[in-house]
Structure formats: C-alpha cells, structure tokens
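# Descriptive structure summary
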Amino acid sequence: MFKIIKRQEMAEGTVVLNEIEAPLIARKAKPGQFVILKATETGERIPLTMADTDPGKGTITIIYMVVGKSTAIFRDLKVGDSFMDVIGPLGAPTHLDKVGKVICVGGGTGVAVLHPITRGLKEVGNDVTSIIGSRNKGLLILEDEMKSASTRLHVCTDDGSYGHHGFVTDILKETLEKEDIKLVVGIGPVPMMKAVCNMTKEYKVKTLVSLNPIMIDGTGMCGGCRVSVGGETKFACVDGPEFDGHKVDFDELMLRLRAYTIEEKESYDEYCNLQKA
Amino acid sequence: MTDKKVKKEKVARQPMPEQEPAVRAKNFEEVPLGQSLETAILEASRCIQCKKPGCVEGCPVGVDIPGFIKFIQEGKISNAISKIWEKNSLPAVCGRVCPQEMQCEGKCIVGKKGDPVAIGNLERFAADYERKNKTAAKPKKAAATGKKVAVVGSGPSGLTVASDLILKGHEVTVFEAFHKPGGVLVYGIPEFRLPKDIVFAEVAGLEALGARVECNAVIGRTLTLDELFEKGYDAIYLGVGAGLPTFLNIPGENFTGVFSANEYLTRSNLMKAYLFPEYDTPIIKGKNVITLGAGNVAMDSARTALRLGAETSRIVYRRSRAEVPARGAEVHHAEEEGVEFFFLTSPVKFSGDENGRLSGMTGLKMELGEPDASGRRRPVPIEGSEFDLECDLAIIAVGAGPNPLLTKSTEGLELNKWGYIVADEENGKTTKKGVWAGGDIVTGSATVILAMGAGRQAADSMHQYLTLGW
Ligand SMILES: Cc1cc2nc3c(=O)[nH]c(=O)nc-3n(C[C@H](O)[C@H](O)[C@H](O)COP(=O)(O)OP(=O)(O)OC[C@H]3O[C@@H](n4cnc5c(N)ncnc54)[C@H](O)[C@@H]3O)c2cc1C
Ligand SMILES: Cc1cc2nc3c(=O)[nH]c(=O)nc-3n(C[C@H](O)[C@H](O)[C@H](O)COP(=O)(O)OP(=O)(O)OC[C@H]3O[C@@H](n4cnc5c(N)ncnc54)[C@H](O)[C@@H]3O)c2cc1C
Ligand code: SF4
Ligand code: SF4
Ligand code: FES
C-alpha cells in the first residue's frame, strides 16, 4: 500500500496534487518518467507523470486533472488513505543536455509534467524561457514553481483574465522570431502540442513532446500505447513518453485516445450518481 | 479372473462433464465441470500399469503416472496427489492446460487401440480433490540455510523455483511487475479455462511456506539485478516470460479496435473488463470479431470475444487445419461454441471509418506449395484472391517475443540473436554469475509444463550453488 501524506487542490478543484510514500520509486525516478497507479481492487491502472520526487523522504508527487472515473476516485482519497498499487519508475527519462536557449511550453496539467523537465534543463545550464497557459486565471497551476524553475516565465490565458490574452503559441512565435532557440519542449493537450510542433517546424527548431496514450502495463507487453512516430510504430511506455514532435502523428493519437469514450462516460456517470446518493 | 480382465478393457474413456456450448459461450465460468470420485476411479481403472510406461516419457517433467493412477484406482487420493507433487507442484494447472495429446496421453499404450487414459483429467481430479479436502501431508521444509534467493517473474517457471527452493530451506522473494502474481496463468489464460482462484491458492500456499511475493516490482526499473545482489540476495532466477506482442506490420494496424492478444486478454482477465462497469477497465465489445493466429492464445481470444457478446467470432490462419498449434480440446471447444475458422488465409490490411475505428479486414487466400525446410508445406498466396471481411474488433495472436526491459538494463547477460536469454540447457545457468533463467524467456513461447521443468532444473542447480558454490 502506498500512503498519501499530502493532498492539495489546485485550479478550482479540477486538479489535485498527491504526495505519496513510494521509497523505491522515489530513489530511482528521473525527470520525464511516470508511474502507474491503481487505487482499489476493482480500479483501472492509470499512468501519471511524477511532478516531483523526494528520495530522502521516500515520496513522489503526482498532479492530475480530474477527467473521468479513475481520476475522480483518486481525488476522493484523503491524507492517510492509500493507493493499492503504484508501479514505476516507467518510461525513458528526458535527456537533459546543455544546448543553450530553450523554450518550455505547457498547457493545462501538462505544466505538471513540464515542471521537473524545466527545472532539470535549467540546472544543467540552459537559458530557459517558459510559457504556460490555461483557459482562465483560476485554472492556472504551478505558476510560482515554474517561475523559479525557469530563467523567465510568460503566462497566457485564453480569456485574458491574467497575463497575456491569447494562446501560448503567440508568445512562442515572438520568442522564436527574436532568439536563437535550440530546443522547444511542449507538453499539454494533444491539440496544443500539435500547434506548437506545426509552428516550430517552420522555424526548424527541434521539439520534444510527451505523449499520453491509453496504457495498461507500462512495460511494453500490451502494445496498447502504440503511437506512430516518423512512420514507425513505437510503444510510448518504453520508447517514450517523449518523442520528436515533428515526427508524431497527432491525429492518430487523438483518435486512439477516444477508444473508450462511451464506456468511460458510463463508468463516470455511475460513479457521480453513487457519490451524490 | 479372466472375466474381470475382459471387463476392464471394455471401460470406455470417461467423458468430462461440461457446460453446454450454447450456455457457456455466454459466461466466464469454467467449461469442464470436473469429475466425481466414482468416474475418476473408473477412468483410473483403464490404466494397465505398464512396466515401461510411454506416458512418463511423454511428460516433460516425468510425473510417475502409473504410480499416481494406481492410488486413484485404490481410492487413495491423498497418496495420489503426493505422488504427483514429487515432480509437479502445479497439477491443478497442468491437468487443465497441458497439451496432453502431444505429451503424456499421446504416448499412452491404451491410446494405440482406442482412447488413451485421461491422464490430464485424473491429474486435475486429484489436485481439485486435495484443494477441497486438504488431506495430503504437505511436503516438509528443510532447516533454514540462511541464503537468500530472488525470483523475478511469478509465472509457472518462477513459482516452481520459489516452491522448490523454499522447501530446501532458502529464503525466497518473488518479484512481479504486475499487481497480481501468476504470469500468463493470470493475465493470459481466461477464467473459463483456468479459474484464477486456483492460481491464487497456489501462491497463497507458497506464502504460507514463508516465501514473500512482492508485486509492483518491475525489475530493471524499480530495482536492478545488481541492486538485488547488493541487497544481499545470493542467487537470482529470471522467469520473466516472453511478453512482447508481435504485430503484423500491415496497413491500418493502429485503428481503434485492433488489439494485441496480450492487451485484449490482459484487459479481460487481469483487469476483469468482462465485469465492467463493476471493474473500471473497459474493453471494446466487438460485434464481428476476427482473431489472427491459431494457437492457444488465439483460441482464448476468439472465445473471450464470444463471451463478451460477439455475433461472429472468426479465426483467420495462414496455414491449414493440420498445422493448428492449439491444444486439441481448445479447438474442439471453440468450434462447439461457434467460432468459425478461415484456414489458408492471410491478412493483408485493415480498414477504418472516419473516426479511426476498425471497420474491416482484407484477407488473401493461400494454397499449400512445396514443403519447406521443416517438411511442412508452405502456404503461398493465390493471386487475385483478396476478399473483405467485416469486423469491428481484430485481435492479433501471432506470437510473442522477449521483452527487452530487463535484459537491456542488465550487464553481463548474454542474449541470442532474437533477444532471448542464453542459459545452459541442463541447469539454467546464464552467463552472469549467480543468475539463472528459464521458461519462455529462454525457449521462446512454449508451454506451462516446459517452463516448470526448466524451473525445477534451475532450482536444483541453484541449490547446489547455494550449498557448494558456482
Ligand atoms: C505517460 C502518461 C503520463 C500522464 N501524466 C499525466 C499527468 O501528470 N497529469 C494528468 O492529469 N494526466 C496525465 N496523463 C493522462 C491521464 O493518465 C488520464 O487523464 C487518465 O488516464 C484519465 O483516467 P480517468 O479514468 O479519470 O478518465 P477516463 O474516463 O479514462 O477518460 C476521461 C477523458 O479523458 C480522456 N483520456 C483517457 N485516457 C487519457 C490519457 N491517457 N490521456 C489524456 N486523455 C485521456 C478520454 O478520452 C476521456 O475523454 C498521463 C498519461 C500518460 C500516458
Ligand atoms: C493466452 C495464452 C494461453 C496459453 N495457453 C497455454 C496452454 O493451454 N497450455 C500451455 O501449456 N501453455 C499455454 N500458454 C503458454 C504458457 O502460458 C507459457 O509458456 C508459460 O506461462 C511461460 O511461463 P513463464 O513462467 O516462463 O512466464 P510467464 O507466465 O509469462 O510469467 C512471466 C512473469 O514475469 C513477469 N515479468 C516480466 N518482466 C518482469 C520484470 N522485469 N520484473 C518483474 N516481473 C516481470 C510478468 O509480468 C509475468 O507475470 C499460453 C500462453 C498464453 C499467452
Ligand atoms: S504434467 Fe502435463 S504432461 Fe505431465 S502428466 Fe501431467 S498433464 Fe501430462
Ligand atoms: S501408458 Fe497409459 S496405460 Fe500405460 S501406464 Fe501410462 S497411462 Fe497407464
Ligand atoms: S502500456 Fe502496454 S505496451 Fe505500453
């Protein structure tokens, strides 16, 4: 059992942070890696990136958006409750090389995934411009953390309630125009990553994205997480989750993410009704 | 006297009672219902107690078949199970899943002129009887040696090593990547063929003997082999199976609705998607289902699809009926339940709709050509014979390979050109000191009993090492 020792709500309760006791994983985890969690006996195995780790304390931190039944069950766990199963660290760690000027772009809960990578890129000596965005001010997460992890931070909101009024890609374009950027890391909803990649392609700047296909085992044995990268089939759980964004078939990924839409809704509605009753 | 003998030969092979095909094709309960003590004794009476029994030669672990059958003849079931345990620690599993017609029963003398003695059914009977009545004396545990053993993977191979070595007095920990132990027995083989309670009872028995089972431990990630040695383990057994799915590499394979058998069966068995929404993991319930391949994995997939509500469940296989590698009983059961077979048919491509969902498959007819190196006649395509089959779910069950996750992160472990671990055939020793391997990760996908046999050999060798040295 993996005990929750801290719980915090963010983004008006739509996003939850849990710090969990998992000493073996905490000791091994590197930026970019993820864990698979299962809350109960009947639960699903859900992949989530480690937003932070504390090897000394033996804990890992996850930050997730509540989107369906499984993440709703996670949300309803309290401090002192436990996840039944936590497996990891999984996936290939990010290559944290010193390349010069770097831009980190994050949208939604993608910012949680982006944060340890941003910090790592700055730590090895890069000049890091970060651009994070959300629909409105209330939904923004990890602003302070991203500020200290980066050399400079830009914030965007779709409705203009805070920071730049518009999309992260607006600031991205400005920065690409002005500076000699060596690497872009873009993590967020699939349409955002696709937009970022389309833009950086024009400027011929290498771009890393972190893909989030549906997974089961996370160890390369089911092939459910397969994605097309440069015309080849890759397993995101072992070959990724990070890939060269210019080679990723985002349209296929979007379609594959919808595989269980009907079942997920059935399951979520039932859970919500049960909670209300 | 003579009268009795004549009568004895006349006893026909006792049929195994089964759920009706039409009923069972809609539920996940076990298909064969098990035998009564009376019919088991009757069946046992068909064995003529050969002096040089062919059946034993046919069993990869050399179970003393006449020996245990004699005890059943005499109604001494506890003695029968103790006899089986001498060579086989998972008889409830093997009685159900061994390809008996190619092994023990295939070599039974009675089978030369009729049906062979139902050795598998009798083995299963003895094991089930013991699980219910618990009458046999459990094997004794030797005095503690103070040595620590790590077993990686909790499939039949790993479980055999763990059980052998704990009985020899060593401290044993089994590390399993999944959240439940059992390997293929739990994630692959469906409930209707092997109830999971049987596997969990075996694991519980192992734990009762003092073995520790650590799930959620992906060796190579959570801990490496070298770290296990640093933690004080004296010897390590690798029984990680051949869990890498093979795809066909044909167009359209990434449409939603095309699964590897590993994913499809793991969702249904391990994650219990067949009980959705009581269990949270969803599965696509196809209306028209195609399974590619014709081994046990394919039969399990096609029959699972029927139970999840498919209107048609079809098996498409490149070769002819004669080459079907699945157990005879599985093919027979699948046909009875309504699975259709398309032999000498090769998949060419999948097609999908505008939402990226699978809508059909194009197949190509084959004919048998000249014999190849193995003496089998090679299927060759018939030009212009393409045809379309409607399907909204396709399950690819054309084999599996070695997962590189562990082997790549381990130095000093020699692999062959396909990525399987190189291990001594006699004793399972790998090229890395203190590390043994066996089962599917050495041989490629094989059988439960072969994986167990490899485990037994390695356990003997590990015991020698732990008491005498490498
Ligand atoms: C390697 C990896 C790392 C991830 N890291 C994080 C993270 O740090 N924080 C976070 O909030 N989420 C992360 N995700 C996504 C997260 O796993 C999904 O949001 C979660 O599985 C949804 O489960 P659910 O049962 O609550 O919702 P479901 O009922 O399964 O789905 C609800 C909605 O979410 C969509 N969805 C389903 N699965 C995914 C998925 N894998 N990715 C995106 N959308 C999905 C569905 O299409 C549906 O519309 C990660 C995914 C992967 C593969
Ligand atoms: C669907 C299906 C049906 C079958 N039907 C039959 C049948 O009827 N009769 C028959 O004789 N054989 C059958 N087989 C074959 C048989 O199941 C296998 O040959 C046998 O299970 C191999 O045993 P094993 O112990 O080598 O590996 P497995 O049973 O594959 O077990 C390996 C275990 O190791 C774990 N593991 C892998 N990597 C790691 C890691 N890095 N760290 C920790 N743990 C790890 C895996 O999760 C798994 O639990 C079938 C196979 C399948 C897939
Ligand atoms: S272990 Fe398998 S092959 Fe051996 S006797 Fe039992 S059923 Fe037959
Ligand atoms: S070969 Fe058949 S008849 Fe002879 S001992 Fe074996 S089971 Fe009995
Ligand atoms: S999640 Fe199963 S192979 Fe990646």
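Every chain begins its residue count from 1, and numbering advances along the sequence as written. As they are written, the chains are lettered A onward and the ligands numbered 1 onward, keeping that order. Owing to the predicted nature of the model, reporting of local features is limited to residues with pLDDT of at least 70; listing and counting of side-chain atom pairs is limited to 80 or more, with chain, interface and lining totals taken over all residues. Side-chain numbers come from the whole structure's heavy atoms, not from hydrogens or water.

### What about the overall build of chain A?
Selection criterion: Under the scheme used here, helices are H or I runs from DSSP no shorter than 4 residues and strands are E runs no shorter than 2 residues, and both carry numbers assigned from the N terminus. Two things to know: the radius of gyration comes from C-alpha atoms, and the globule rule equals 2.2 Å times the number of residues to the power 0.38. Here the term buried applies to any residue with accessible area under 20% of the maximum for its type, exposed to any over 50%, and partly exposed to those in between, with areas from a 1.4 Å probe on protein chains only. What makes two residues a contact is simply this: any of their non-hydrogen atoms within 4.5 Å. Only the protein chains shown count as cover for residues, and all accessible areas are computed by the Shrake-Rupley method using a 1.4 Å probe. When charges are tallied, Lys and Arg are placed among the positive residues and Asp and Glu among the negative ones, while His and the ends of the chain are skipped. To locate a charge, take NZ of a lysine, CZ of an arginine, CG of an aspartate or CD of a glutamate.
Secondary structure summary: chain A contains nine helices and 16 strands in total. Since a compact globule built from 277 residues should have a radius of gyration of about 19 Å, the 18 Å found for chain A is in line with a globular shape. A principal-axis box enclosing the C-alpha atoms of chain A has dimensions of 55 × 40 × 40 Å. In chain A, which comprises 277 residues, the share counted as buried stands at 56%. Within chain A, contacts between residues separated by at least 24 positions form 65% of all contacts whose residues are at least 6 apart in sequence. Accessible surface computed for chain A: about 11,500 Å², of which carbon and sulfur atoms make up 52%. Mean positive and mean negative side-chain charge positions of chain A (34 and 38 charges, respectively) differ by 3 Å.

### Here's the deal with the interface of chain B and chain A
Convention followed: When two parts are brought into contact, each loses some accessible area as probed by a 1.4 Å sphere; the total of that loss over both is the buried area. We define a salt bridge as a contact between a side-chain nitrogen of Lys or Arg and a carboxyl oxygen of Asp or Glu at a distance within 4 Å. Each polar contact in these results corresponds to two N or O atoms within 3.5 Å; when the atoms are within protein, one needs to be able to donate a hydrogen and the other to accept it, and residues that are neighboring in sequence are counted only if both atoms are side-chain atoms. Just so you know the grouping, Ala, Val, Leu, Ile, Met, Phe, Trp, Tyr, Cys and Pro go in nonpolar, Asp, Glu, Lys and Arg go in charged, and all remaining residues, Gly too, go in polar.
Listed by partner, the interface residues are 42 residues for chain B and 46 residues for chain A. Buried surface at the junction of chain B and chain A, summed over both partners, amounts to about 3,700 Å²; 52% is from carbon and sulfur atoms. Where chain B meets chain A, there are three salt bridges. There are 21 residue pairs in polar contact (both at pLDDT 80 or more) connecting chain B and chain A. Every element with two or more residues in the side of chain B that touches chain A is listed here: β5 (244–245), β6 (258–260) and α13 (261–270) of chain B. Of the residues forming the side of chain B that touches chain A, the biggest block, four residues, is contributed by α13 of chain B. Taken together, the residues of the side of chain B that touches chain A break down into 19 nonpolar, 14 polar and nine charged.

### Looking at the packing of aromatic side chains
Residues and elements named next belong to chain B. Cut-off, in case you're wondering: What counts as a ring pair is set by centres within 6.5 Å for rings of Phe, Tyr and Trp (its six-membered ring), and what kind of pair is set by the plane angle: stacked under 30 degrees, edge-to-face over 60, tilted for all other angles.
Inspection of every chain in the model, using the stated rule, returns twelve aromatic pairs over all chains. A centroid spacing of 6.4 Å and a plane angle of 15 degrees characterise the contact between F342 and F387, whose relative ring orientation is stacked. Remark: F387 occurs in strand β13 (residues 387–390) and F342 occurs in strand β9 (residues 340–342); sequence separation between them is 45 residues. F387 gets classed as buried once you look at its relative accessible area, which sits at 18%.

### A look at the environment of T61 of chain A
Tracing the chain through its elements places T61 of chain A in strand β5 (residues 59–65). Taking the C-alpha atoms as reference points, T61 of chain A and C225 of chain A, separated by 164 residues in sequence, lie 23 Å from one another.

### Observations regarding the domain arrangement of chain B
Residue and element names in this part refer to chain B. What counts is decided by this rule: Where a domain begins and ends is set by an automatic assignment or by a domain database.
Domain boundaries assigned for chain B yield domain 1 (21–133), domain 2 (148–243 + 400–468) and domain 3 (247–396). Each of domain 1 and domain 3 was reduced to a C-alpha centroid, and the two centroids are 32 Å apart. Listed as interface residues are 14 residues of domain 1 and, on the opposing side, 14 residues of domain 3. Taken over both partners, the interface formed by domain 1 and domain 3 buries close to 1,100 Å², and the fraction arising from carbon and sulfur atoms is 53%. Three residues stand out in domain 1 for area buried against domain 3, namely R24, A25 and F28, and they jointly supply 52% of the buried area on that side. Our count for the contact surface shared by domain 1 and domain 3 stands at two salt bridges. Its salt-bridge partner being E336, residue R24 comes within 2.7 Å of it at the nearest N-O pair. Joining domain 1 to domain 3, the criterion identifies ten residue pairs in polar contact (both at pLDDT 80 or more). Secondary-structure elements contributing two or more residues to the side of domain 1 that touches domain 3 are α2 (21–24) and α7 (91–97). Residue composition of the side of domain 1 that touches domain 3, by class: eight nonpolar, two polar and four charged.

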